[in-house]
Amino acid sequence: MRCIIIEDEPLAQERARNYVQKLPLLKLLACFDNALDGLAFLQQNPVDLIFLDIHLGAFSGIQLLETACIKSQVILTTAYHEYAVKGFELKVSDYLLKPYTFERFVQAVGRAQELQAKTETNSDKSYIFVKTENRLEKILIDEILYIEGMGDYRRIHTPSKRIMTLQTFLEFEKELSPQRICRVHKSFMVAIEKIEAIEKDRIKINNVRIPISDTYRAGFYALIGE
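What comes next concerns the included structure.

### Description of a nonpolar patch on the surface
Okay, step 1: The grouping of Tyr127, Phe129, Leu136 and Leu140 at the surface amounts to a nonpolar patch, some 370 Å² of accessible area in total.
Okay, step 2: Looking at the secondary structure, you find Leu136 in strand β7 (residues 135-140).

Quick look at the structure:
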């Protein structure tokens, strides 16, 4: 697993680096002391796993997860236990409370490895089941045009129907491969293959124009090779 460390405490960064180097299944690509440099690296390089501190100065690890399209598995590392619930709401792989032992570190990496395998399996899926009203509805991934946020609901648009669900964008991002369905705005995910045109940060799909927000712009254009 290709990994990076985003940690602004020198001693904590060194501990994480030493632990990574003890595990043959991990390959350390880089270390950063702030989230913005880490994000810039992620937009240009494939990374499987991020060891991410929460308190990183002006731009925190939580803000990074909330605002960026992160495809990697994430293990949060922090001295503050009160962020655990928020971390798992953001679908992190695990939550390491400093100072953590090597045994606990290995356990977290194993969990991330298992979740990565499930994510790779999802990329080959041809359908998903979506909770809607009192049933589960099967939706072919190839038929999804885009997913729209509407308050507490998400609306899935296909050529033949629209499906309303309470499932969150974070749940969709974990279930759908970003190479197929990508987040481009806080209120929109789009099917890459269904894009007809892009003009002035507006995506045209089925005669609907969908905005690309500042938060997701760099990640989206990197994904489509622009």
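Read on, since the account is not over.
### A closer look at the sheet that holds strand β12 (residues 188-191)
Okay, step 1: In space, the five strands of this open sheet follow the order β10-β9-β8-β12-β11, with antiparallel pairing throughout. Each edge of the sheet is formed by a strand with only one pairing partner; in this case those strands are β10 (162-165) and β11 (181-185). Between one strand axis and the next, the sheet turns through 25° on average, direction left out of account.
Okay, step 2: Pairing between strand β8 (residues 146-150) and β12: three bridges, direction antiparallel. Its bridge partner lying in β12, Glu148 is registered against Phe188.

### Side note on helix α2 (residues 35-44)
Okay, step 1: Where α2 is concerned, the buried positions are Ala35, Gly38, Leu39, Phe41 and Leu42. Projected down its long axis, α2 carries its buried residues within an arc of 160°, all on one side. Turned more than 90 degrees off the buried face of α2, the exposed positions are Leu36 and Gln44.
Okay, step 2: Residue Asn34 occupies the N-cap position of α2, its side-chain oxygen lying 3.2 Å from the main-chain nitrogen of Leu36.

Here is what the cut-offs are and how they apply
- Residues numbered from 1 in each chain as written.
- Predicted model: local features only at pLDDT ≥ 70, side-chain atom pairs only at ≥ 80, totals over all residues.
- Heavy atoms only, no water.
- Patch = residues over 30% accessible without salt bridge, like charges linked within 9 Å, V, L, I, M, F, W, Y side chains within 5 Å.
- Areas by Shrake-Rupley, 256 points an atom, 1.4 Å probe, with all protein chains shown as cover.
- Salt bridge = Lys/Arg side-chain N within 4 Å of Asp/Glu carboxyl O.
- Helix = DSSP H or I, 4+ residues; strand = E, 2+ residues; numbered from the N terminus.
- Pairing = 2+ DSSP bridges.
- Axes fitted to C-alpha atoms, helices over the stretch in contact; angles between N-to-C directions.
- Buried < 20%, exposed > 50% of the residue type's maximum accessible area, 1.4 Å probe, protein only.
- Arc of directions from axis to C-beta.
- Polar contact = N/O pair within 3.5 Å; in protein donor to acceptor, adjacent residues only side chain to side chain.

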